[in-house]
Amino acid sequence: VTLGFNIPVSLLSFGVILSMISHREIVNVPFELWLAATIMLVSNPILTYMLYRTLINAKFWNIAGQIIANKALSHTINYASFKTLLTGNASWIRTNKFKSKHSYLAALYSTKEEFYIALSLTAFIIGSYIYFPYPGLTLMFLIGLSYAALSYLMAPVMAIISVYSMRHHPVPQSIWVS
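Residues numbered from 1 in each chain as written. Predicted model: local features only at pLDDT ≥ 70, side-chain atom pairs only at ≥ 80, totals over all residues. Heavy atoms only, no water.

Peer 1: Would you mind going over the overall build of the protein with me for this structure?
Peer 2: Along the protein, the regular secondary structure elements total six helices and zero strands. The linear arrangement of helices and strands in the protein, starting from the amino end, is α-α-α-α-α-α. For the protein, buried positions account for 20% of its 178 residues. Put simply, 82% of the contacts in the protein that link residues at least 6 apart link residues at least 24 apart. Accessible surface for the protein amounts to roughly 13300 Å². Of this, 71% is attributable to carbon and sulfur atoms. (Helix = DSSP H or I, 4+ residues; strand = E, 2+ residues; numbered from the N terminus. Buried < 20%, exposed > 50% of the residue type's maximum accessible area, 1.4 Å probe, protein only. Contact = heavy atoms within 4.5 Å. Areas by Shrake-Rupley, 256 points an atom, 1.4 Å probe, with all protein chains shown as cover.)

Peer 1: What is the right way to look at the nonpolar core in this model?
Peer 2: Taken as a class, soluble globular proteins show a tendency for nonpolar side chains to be buried jointly. One finds Ile17, Ile21, Leu121, Phe124, Ile125, Phe132, Leu142, Leu145 and Ala149 forming the largest nonpolar core, which totals nine residues. Looking at this core, the elements that each hand over two or more residues are α1 (6-22), α5 (112-131) and α6 (137-168). Residues within four places of Leu142 in sequence aside, it is in contact with Ile17, Phe124, Ile125, Ser128 and Tyr129. (Core = buried A, V, L, I, M, F, W, Y, C linked by side-chain atoms within 4.5 Å.)

Peer 1: What should I look at first to understand helix α2 (residues 31-55) in this one?
Peer 2: An α-helical turn contains 3.6 residues, so any two residues separated by three or four positions project in the same direction. Across its 25 residues, α2 extends 35 Å between first and last C-alpha, which sits within 8% of the 36 Å expected from 1.5 Å per residue. Bending of α2 peaks at approximately 35 degrees at the position of Ser43, with proline Pro45 no more than four residues after it. (Expected span 1.5 Å × (residues − 1). Bend = angle between axes of the 7 residues up to and from the residue.)

Peer 1: Looking at this structure, how should I read the environment of Ala107?
Peer 2: In this structure, Ala107 sits in helix α4 (residues 104-110). On the basis of relative accessible area, Ala107 is assigned to the buried category, the value being 9%. Along the sequence, Ala107 and Val163 sit 56 residues apart, while their C-alpha atoms lie 7.1 Å from each other. Aside from chain neighbours lying at most four places away, what touches Ala107 is Ala159 and Val163.

Peer 1: Any chance you could explain the packing of aromatic side chains here in plain terms?
Peer 2: Each aromatic ring pair is summarised here by two numbers: the centre-to-centre distance and the angle between the ring planes. Applying the stated criterion across every chain yields a total of five aromatic pairs. Centroid distance Phe115 to Tyr116: 6.0 Å. Interplanar angle 55 degrees. Geometry classified as tilted. By relative accessible area, which is 35% here, Phe115 ends up partly exposed. One aromatic cluster is present, formed by Tyr49, Phe60 and Trp61 through successive ring pairs. (Phe/Tyr/Trp six-rings, centres within 6.5 Å; stacked < 30°, edge-to-face > 60°.)

Peer 1: Quick question: what am I supposed to make of a nonpolar patch on the surface here?
Peer 2: Residues Leu41, Val42, Ile46, Leu47, Tyr49, Met50, Phe60, Trp61, Ile143 and Tyr147 make up a contiguous nonpolar surface patch of about 1000 Å² in total accessible area. Elements represented by at least two residues in the nonpolar patch include exactly α2, α3 (60-87) and α6. Among the elements that line the nonpolar patch, the one with the most residues is α2, at six residues. Position of Trp61 relative to the elements: it lies in helix α3. Under the relative-accessibility criterion, Trp61 is labelled exposed at 69%. (Patch = residues over 30% accessible without salt bridge, like charges linked within 9 Å, V, L, I, M, F, W, Y side chains within 5 Å. Salt bridge = Lys/Arg side-chain N within 4 Å of Asp/Glu carboxyl O.)

Peer 1: So what exactly am I meant to see when it comes to the confidence of the model for the protein here?
Peer 2: Detailed reading of predicted coordinates is not advised where the pLDDT is low. For the protein, per-residue confidence averages 84 on the pLDDT scale, and residues scoring 70 or more make up 88% of the total. Least confident of the elements in the protein is α3, whose mean pLDDT is 85; most confident is α5, at 92. (pLDDT = per-residue confidence, 0-100.)

See below:
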């Protein structure tokens, strides 16, 4: 249930950032808070790496792929959770399992929503920092928002990796055991 609140909380934090920038509020952040935020931002990928490396002995590229896939699916999971929270209906739409052409353009088109959100967030972050280039709480929020933009950008990256993989390492059409 808490996943369903991710989208409204993100919109609320986006509104807080917009309000702080429009009112030109400079809220100083103590060094200790900057340090704690930086450690949290850096430690998450390191802990993920250590977890998968020690428990299942995964290689670096497998772990990096897991991180990309997790970020790529985060919008879909959050949107489905939010929609289920509002409607109470968790309908499932099956994807097409029949052979299709593996096109980069089709893969990017399938992630157009995430791509446009990432592009909009990136433009907002850059524009906000150009308009209001002061350190403080607003900058900390913009850094957090850039982490969210990076998460949204992982869906198109994952789609491109998928097409590349399907073109260079095709799956056999059928495997018959005699």
